[in-house]
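Topology and contacts: notes
Given next are the chains, with one letter for each unit.
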Amino acid sequence: MDKLVILAFFLTHFLSFPLGYFVNGAPITSCTQTPYPDVCNYYMGSSVNVEAQLDQTRFSFRDVAIQVTLNQAVQAHRLISLIDSSSFDGRAKLAWNDCLELYEDTVHHLNQSTSTNNPIDSQTWLSASIANQQTCQNGFLDFNLASHLQTLPPMLGNFTKLISNSLAIDKATSSSHSNFVQQVGNRRLLADGFPAWLSTADRKLLQTTGAPKADIVVAQDGSGNFKTITEAVATAGGGKRTVIHVKAGVYKENVDIKKSAKNIMLIGDGIDATIVTGSKSAQTTTTFRSATVGVAGDGFVARDITFENTAGPAKHQAVAFRSGSDFSVFYRCSFKGYQDTLYVYSQRQFYRDCDIYGTVDFIFGDAVAVLQNCNIYIRRPMSGQKNTVTAQGRTDPNENTGIIIHNSRVTAASDMRAVQGSFKSYLGRPWQKYSRTVFMKSTLDGLIDSEGWLPWSGSFALSTLYYGEYMNTGAGASTSGRVKWGGYHVLSAAEAGKFTVGNFLAGSSWIPSTGVPFDAGL
């Protein structure tokens, strides 16, 4: 009997009963321990407290929860696509278009989650789905169009809760995070300084000196295959690694690399030699869509390129680069902007030997992101502004996301040095309720305020966030004057170890056992 037929039969005949699921062999009552038990019961069963006698490997509570959530995602995307947007003004239509793409992306992530037995993969994809729901709303909020959210289908509120339930169930079904850390903590997960999930061939490409062996060459002088990156990307895809050499020059274009364009590698001729530049901002489009370069296709890699947004501080949110690419890697790249420079949007990302410039919230988003051996430059803000390096966007306590800054340097950019005493600068502020950011073994210069961290609004998130510091050095690194929030932590070595590249960024199903040994720990 076909698996889908069996599942359809099961969904039809057994969803009138709450289902049991197991953690470490112990049965747990179904919906009662989810964040939203009423929503769980409504979609997955009645109040009859009976454990279904199920084959746990074929029809686990987790599988059914994600399948039900997927069904609702398909319905949500269909309803949004049927909305008559002809009456929307230009700004509302931009936000609505974001929602269409984001819900389609959520359907994709939930499909992925139903087809994996790796809980770390599914945690990542479910976390990305939650980020998508938040971003759909943010598009309208960017334009002060909160009233337009009422035009979206009412079921979206319950749908967001379904994803949150699925995330909680998925996490409970897997081994606990602490057990996972113990399992992988001693593995060497870097090879030549890169995550071991980056293939040997890709590592060699990243470490090649001189002009790379490229599939496609982009050159403004006509000496390549194309004159723009957009044209080159349009011909790439199909799954295999496509190496695009972008020769030195200033490329004034906004590049949008869709989900279908996987495994693209952009190699430039060096920071500030190959420059991709744009000037979109939240004054004219959504923050999501303001990115000079935005990437959704998985497996994206960039080396030796500068990405910048020249909108300037007065235009507020203006993204230089946005990554929603799973397993994306950035090596010797520069990201230049002011507010919202680098949007670590979602999924697993690794930054090595990069430069990031900005003022307000300039490393932000809801990805599983590690920045290692990077230079973080705080620029001069507008009069009256306070600088914040990070604004992490975790909205659910079960998301596996966070921004980890390891072995890096936070210092003043050239335009800030002479005036840094006139402006306050902080390591971050909580964009969302469960914001999570850690600075480890990094150099924090004296421009960082003694309190270290800045509230977002009043007491919002101060007890639910997770902000950590471990063995930082420099004039701004002392923790003696730091904030006294419930969510702030001076970390022990054991706690900090959970946020290393090896433990925080790596997943057991895609960690190969080979590669040049390298210490992935502290």
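First things first, this report covers the structure right here in the doc. If you're wondering where the values come from, they're calculated on a predicted model, not measured in any experiment. (Residues numbered from 1 in each chain as written. Predicted model: local features only at pLDDT ≥ 70, side-chain atom pairs only at ≥ 80, totals over all residues. Heavy atoms only, no water.)

Here we take up the overall build of the chain. Looking only at helices and strands, one finds 11 helices and 30 strands in the chain. Classification of the 522 residues of the chain by burial places 59% in the buried group. The long-range share in the chain, meaning contacts at least 24 apart out of those at least 6 apart in sequence, stands at 71%. Accessible surface for the chain amounts to roughly 20,300 Å². Of this, 51% is attributable to carbon and sulfur atoms. (Helix = DSSP H or I, 4+ residues; strand = E, 2+ residues; numbered from the N terminus. Buried < 20%, exposed > 50% of the residue type's maximum accessible area, 1.4 Å probe, protein only. Contact = heavy atoms within 4.5 Å. Areas by Shrake-Rupley, 256 points an atom, 1.4 Å probe, with all protein chains shown as cover.)

A word on the sheet that holds strand 14 (residues 321-323). Pairing is parallel in the open sheet, where 7 strands are placed in the order 8-11-14-17-20-23-26. Every interior strand has two partners, whereas the edge strands, strand 8 (255-257) and strand 26 (425-428), have only one. Strand-to-strand twist across the sheet, computed as the mean angle between neighbouring axes with direction ignored, equals 10 degrees. Sheet topology note: the strand 8/strand 11 (residues 293-295) ladder contains 3 bridges and is parallel. Opposite Ile 257, over in strand 11, you have Val 295 as the bridge partner. (Pairing = 2+ DSSP bridges. Axes fitted to C-alpha atoms, helices over the stretch in contact; angles between N-to-C directions.)

Turning our attention to the packing of aromatic side chains. Tallied over the entire structure, the rule returns 21 aromatic pairs. Consider the rings of Phe 307 and Phe 321, whose centres lie 4.7 Å apart with planes at 65 degrees: the pair is edge-to-face. Of this pair, Phe 307 sits in strand 13 (residues 306-309) while Phe 321 is found in strand 14, placing the two residues 14 residues apart along the sequence. Comparing Phe 307 with Phe 321, the two get one shared label, buried. Taken together, a centroid distance of 5.8 Å and an interplanar angle of 75 degrees make the contact between Phe 321 and Phe 335 edge-to-face. Taken together, the residues span a long stretch of sequence, with Phe 321 in strand 14 and Phe 335 in strand 16 (residues 334-336) at a distance of 14 residues. (Phe/Tyr/Trp six-rings, centres within 6.5 Å; stacked < 30°, edge-to-face > 60°.)

Turning to the pairing of strand 25 (residues 409-412), a few remarks are in order. Because side chains alternate across strand 25, one face comprises the buried residues Val 410 and Ala 412, and the other comprises Arg 409 and Thr 411, none of which is buried. Examined bridge by bridge, strand 22 (residues 375-378) and strand 25 share 4 bridges and lie parallel to one another. Residue pairing for strand 25: Ile 378 is matched across the bridge by Ala 412. Bridge analysis of strand 25 against strand 28 (residues 443-444) gives 2 bridges, and the strand direction is parallel. In the strand pairing of strand 28, Arg 409 is matched with Thr 443.

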